[in-house]
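# Fold and contact review
If you want the building blocks of each chain, they are given just below.
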Amino acid sequence: MTVKLAPPDHTYNLHLQRLLDATHHDPFQFLGIHQDAANGPWLVRVFQPNAEKLWVSVDGSWQAMTLVDRHGLFEYSSKLAITAPVALRIQPHGQADFYETSDTYSFASTVTQEELYLFGEGRLLEAYNTLGAVPMTVQGVAGVRFAVWAPSAERVSVVGSFNQWDGRVHAMRVLGGSGVWELFIPHLTEHDLYKFEIRNREHGFVVVKADPYGKAFEPRPGSANRICQSQYQWQDQDWLQQRKKHDWLHTPFNCYEVHLGSWQRDENGHFLSYRALADALIPHLTSMGYTHIELLPIAEHPLNESWGYQVTGYFAPTQRHGSPDDLKYFIDRCHAANIGVILDWVPGHFPKDDWALARFDGTALYEHADPRLGEHTDWGTYIFNYGRNEVRNFLLSNAYYWIQEFHIDGLRVDAVASMLYLDYSRKDGEWLPNAYGGRENLEVIEFLKQLNTMVGERFPGSLVIAEESTSWPAVSRPVYAGGLGFNMKWNMGWMNDVLTYMQLDPIHRQHHQNRLTFGQMYAYSENFVLPFSHDEVVHGKKSLLGKMPGDSWQKFANLRLLLTFQMTMPGKKLNFMGNEFGQWREWNVNQSLDWHLLEESYPEHAMHRGVQSLVRDLNSHYRQRPALHAHDFDQQGFQWIDCQDGAQSLLSYIRRGNDHSFVIIVLNFTPVPRLQYRLGVPQAGVYKEVFNSDAACYGGSNLGNGDNCHSAPVAWMDHPDSISINLPPLAGVILQLQ
């Protein structure tokens, strides 16, 4: 039964005008179900500017609604009680067919006060289940609950493929003073596209933004989010249980750093899918003997050339390789092959794309407004405002998300030094000191401690690794002991010293022996990873092989020697893809690695295969010999035999395990063979050469020692016994007591 409507009053007209102008901060005051008095008539009010006719379900029958404003406002009034949710039948303009749905504005809020409180405190670790697009069923109706933080907005709307991107149709409500806006939209399907349209309350500018918590994106060059809901069934429960008990301090960690888009491509030059990568990349990892893979950033980013470090979708795996569930499949397969997965994570900065996080609600929301705090001029990016609880919550929940939802085994935190120092890469006058006048970013220090404490408590066995290039103290020491709480830190000083040394002509190396030995002065001050990363093989730095001096044979020999040195020194290991077979050219993000170098048709294929075989064997020695990994982080696992023979550019040292086992490593950094070289040994007996980087199978000259290196009671190098060995040119050998 329809009741005649009362004439509109001033309040009614104000609501209507705000609705039409798309400035209404709480459309629920006007739209949806209303009853003016305790016993008065019930009113349903719906705004559908793209509809020609509307019907509402009342007491089991469809009743026509009245168009009361030509812009698309429909009303229906009845003495019968109308209960939520309200069912609607809609006939769009110019169409004979209609569809049925439920009225968005007849649903109550589903965001709890506890969630809002924790978010405001910066402690809502699963914020991705509150904010963003969350599929759910409300009052028996399936749909998607949208929520977004935009405290400086006058109005926020969900716009998408389901409402012709019209910001008037699905205006959201603000939840008190939280700055969070929320709306449940029924009957949306997976793969619907959406964004948020935000009108700033101060200057009235309207921006259309991707969802900060969006879990998927449409294919490039589009920048809209896609609604998605995981259907993946994990199979790695045993792996996760074992990870909780894993003794990462004393076990091998040998990581293969990979950019998925350029490791390998298909025959047409297109990206491989996550599932195709599982079939191709994981067998390579297992055959080479790596324990972990580190993925360069795979969160969504628009520009290939940023390598993934200009993130625009922190919660969305890049669609370049498939869906989020496809990525879960890849990680699951890694775990089935006993490969841990480390994710390169970028909490230090974000790009200025106008549809992403930058100036999100028309103000500096995620970043600082002052460029002296809020911008990286070197990178053209913004810096997160770590002092704001909601921003810190965004980053903490993002770390939680990757480990919880994708079973990631650890995070490698990018550019930590740029976060820790307020004057990082800035001149005088271009930065602001902290409250005590110093250059340390106190808010970042607290954030990193919270991050590492959270990961350690919530995900035992997961790792957080810092790329930190300065001498900041105690980066990888526990928070309770005054440290930042990282598990490990990249040893950038060691890497730079060693690569500088290896690029020297061998005739000059005798004057720079300290570049090889200085690292031991600080080697146990942190839990170090020894990296040869992607940063060392781009931008004119040449590939590892290309850096080496000499003719082609010497370049390969030097590379084999370099890798032998890395794998036998204390510290966990990381190598970028292509290093393992000696790629000649620099890494190019837009093409596959040069796998053809390993094919028989390539003239130097035997040399490249030799490097690959050497890396495979070194990885095996590292994993199987406790002496090479049990004490990577403490002094008792290492002892120099002789580090002072700079005149001959020789190094010799002992690596020790927990089981009293030990191996001896001797390295010759010149192309001159050293025959009958006397070497002090810690124990009498017969020594066997178990590895020689100059072996013929690796492309070397095959000068070696075999199994018969008998010690003699000749005191040498502070040891009571010694042996006489042949040292091949530009090579390293590993000796073991039989």
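Structural notes, computed from the coordinates. Everything numeric in this text was worked out from a predicted model, so none of it was measured.

### Some details on the pattern of salt bridges
Using the criterion set out here, one finds 24 salt bridges in the structure. The partner of E294 in a salt bridge is R412, with the nearest N and O atoms 3.9 Å apart. Of the two residues, E294 sits in strand β18 (residues 292-295) while R412 sits in strand β25 (residues 410-413), which places them 118 residues apart along the sequence. Under the relative-accessibility criterion, R412 is labelled buried at 0%. Salt-bridge contacts for R412 lead to D414; the nearest nitrogen and oxygen are separated by 3.1 Å. Salt bridges sharing common partners tie together E294, D344, R412, D414 and E467.

### Some thoughts on the nonpolar core
Counting residues in each nonpolar core, the largest one holds 181 residues, and the members touching the most others are F146, F330 and Y366. Looking at this core, the element that brings in the most residues is helix α8 (residues 389-406), giving 10 residues. Listed in part, the 18 residues of the second largest apolar core include L679, V681, L735 and L737.

### A look at helix α10 (residues 442-458)
Between its terminal C-alpha atoms α10 stretches 24 Å, which fits the 24 Å expected from 17 residues at 1.5 Å a residue. All of the buried residues along α10 are V444, I445, F447, L448, L451, N452, M454 and V455. Among the structural elements, β21 (340-345), α8, β25, α9 (416-420) and β26 (463-466) are those in contact with the buried residues of α10. Two to three positions downstream of the cap, the backbone nitrogen of E443 sits 3.2 Å from a side-chain oxygen, assigning the N-cap of α10 to N441.

### Here's the deal with empty space enclosed by the protein
Evaluated as defined, the whole model comprises eight cavities of 30 Å³ or more. Considered as a void within the structure, the largest cavity measures approximately 130 Å³ in volume. Taken together, 16 residues line the largest cavity, and the ones lying closest to its centre are L373, I383, S418, L422 and N441. At the level of elements, α7 (371-374) and α9 are the ones that each hand at least two residues to the lining of the largest cavity.

### Digging into the side chain of E197
Relative to the helices and strands, E197 is located in strand β14 (residues 193-200). In this structure the side chain of E197 is engaged in a polar contact, spanning 2.9 Å, whose partner is the side chain of R155.

### Re the sheet that holds strand β10 (residues 141-149)
Pairing within the open sheet is antiparallel, and its four strands lie in the order β9-β10-β13-β12. Here the strands that pair on one side only, and so sit at the sheet edges, are β9 (132-138) and β12 (173-174). As paired elements, β9 and β10 share seven bridges and run antiparallel to each other. Within β10, the residue paired with A133 across the bridge is F146.

### Thoughts on the packing of aromatic side chains
Taken as a whole and assessed by the stated rule, the structure comprises 51 aromatic pairs. Look at F146 and F196: their rings are 6.5 Å apart centre to centre, the planes differ by 90 degrees, and that puts the pair in the edge-to-face class. In this pair, F146 is assigned in strand β10 and F196 in strand β14, connecting sequence segments 50 residues apart. For the residue pair F146 and F196, the accessibility class agrees, reading buried in each case. Arranged with centres 5.4 Å apart and planes meeting at 70 degrees, the rings of Y401 and F406 form a pair that is edge-to-face. Across this residue pair, the class does not change: Y401 and F406 are buried. The lysine or arginine in question, R560, covers the ring of W553, its NZ or CZ lying 5.9 Å from the ring centre. If you follow R656 out to its NZ or CZ, it ends over the ring of F662, 5.9 Å from the centre.

### So, the packing of helix α6 (residues 324-336) against α8
The contact between α6 and α8 brings their axes to 10 Å, and the two run at 70 degrees. Taken together, α6 and α8 sit at an angle that is classed as roughly perpendicular. Listed contacts from α8 to P324, L327, K328 and I331 of α6 are W402, E405 and F406. For the contact of α6 with α8, the residue count by class is five nonpolar, no polar and two charged.

### Observations concerning the environment of D326
When you line up the elements, D326 lands in helix α6. In this structure D326 comes out as buried when scored by relative accessible area, which is 18%. C-alpha separation for the pair D326 and L20, spaced 306 residues apart in sequence, amounts to 42 Å. Excluding residues within four positions of it along the chain, D326 makes contact with Y274 and R275.

### Points about helix α15 (residues 605-624)
Taking 1.5 Å of rise per residue, 20 residues should cover 28 Å, and α15 covers 28 Å from first to last C-alpha, within 8% of that figure. Turning to α15, its buried residues number three or more, namely H605, M607, H608, G610, V611, Q612, L614, V615, L618, N619, H621 and Y622. Each element contacted by the buried residues of α15 is listed here: β17 (254-258), α5 (274-288), α13 (544-547), α14 (552-568), β29 (572-576) and β34 (686-692).

### Remarks on the sheet that holds strand β8 (residues 99-102)
With antiparallel pairing, the four strands of this open sheet are ordered in space as β4-β3-β7-β8. In this open sheet, the two edge strands, each paired with only one partner strand, are β4 (61-64) and β8. Strand-to-strand twist in this sheet, taken as the mean axis angle between neighbours without regard to direction, amounts to 35 degrees. Bridge count between strand β7 (residues 87-92) and β8: four bridges; the pairing is antiparallel. Its bridge partner lying in β8, I90 is registered against Y99.

### Some words on the environment of D642
Considering the arrangement of structural elements, one finds D642 in strand β30 (residues 638-642). Residue classification places D642 among the buried residues on the basis of a relative accessible area of 17%. Non-local contacts of D642, meaning those with residues more than four positions away in its chain, are made with L650, L651, S652, Y677 and M717. A polar side-chain atom of D642 sits 2.9 Å from the main-chain amide nitrogen of Q644.

Thresholds, definitions, all that
Residues numbered from 1 in each chain as written. Predicted model: local features only at pLDDT ≥ 70, side-chain atom pairs only at ≥ 80, totals over all residues. Heavy atoms only, no water. Salt bridge = Lys/Arg side-chain N within 4 Å of Asp/Glu carboxyl O. Helix = DSSP H or I, 4+ residues; strand = E, 2+ residues; numbered from the N terminus. Buried < 20%, exposed > 50% of the residue type's maximum accessible area, 1.4 Å probe, protein only. Core = buried A, V, L, I, M, F, W, Y, C linked by side-chain atoms within 4.5 Å. Expected span 1.5 Å × (residues − 1). Contact = heavy atoms within 4.5 Å. Polar contact = N/O pair within 3.5 Å; in protein donor to acceptor, adjacent residues only side chain to side chain. 1 Å grid on protein atoms, 1.4 Å probe; cavity = no way out; pocket = protein on both sides within 12 Å on 5 of 7 lines; lining within 4 Å. Points joined across faces, edges and corners; volume = space filled by probe spheres on them. Pairing = 2+ DSSP bridges. Phe/Tyr/Trp six-rings, centres within 6.5 Å; stacked < 30°, edge-to-face > 60°. Lys NZ or Arg CZ within 6 Å of the ring centre and 35° of its normal. Axes fitted to C-alpha atoms, helices over the stretch in contact; angles between N-to-C directions. Parallel < 35°, antiparallel > 145°, perpendicular 65-115°, else oblique. Nonpolar A, V, L, I, M, F, W, Y, C, P; charged D, E, K, R; others polar.

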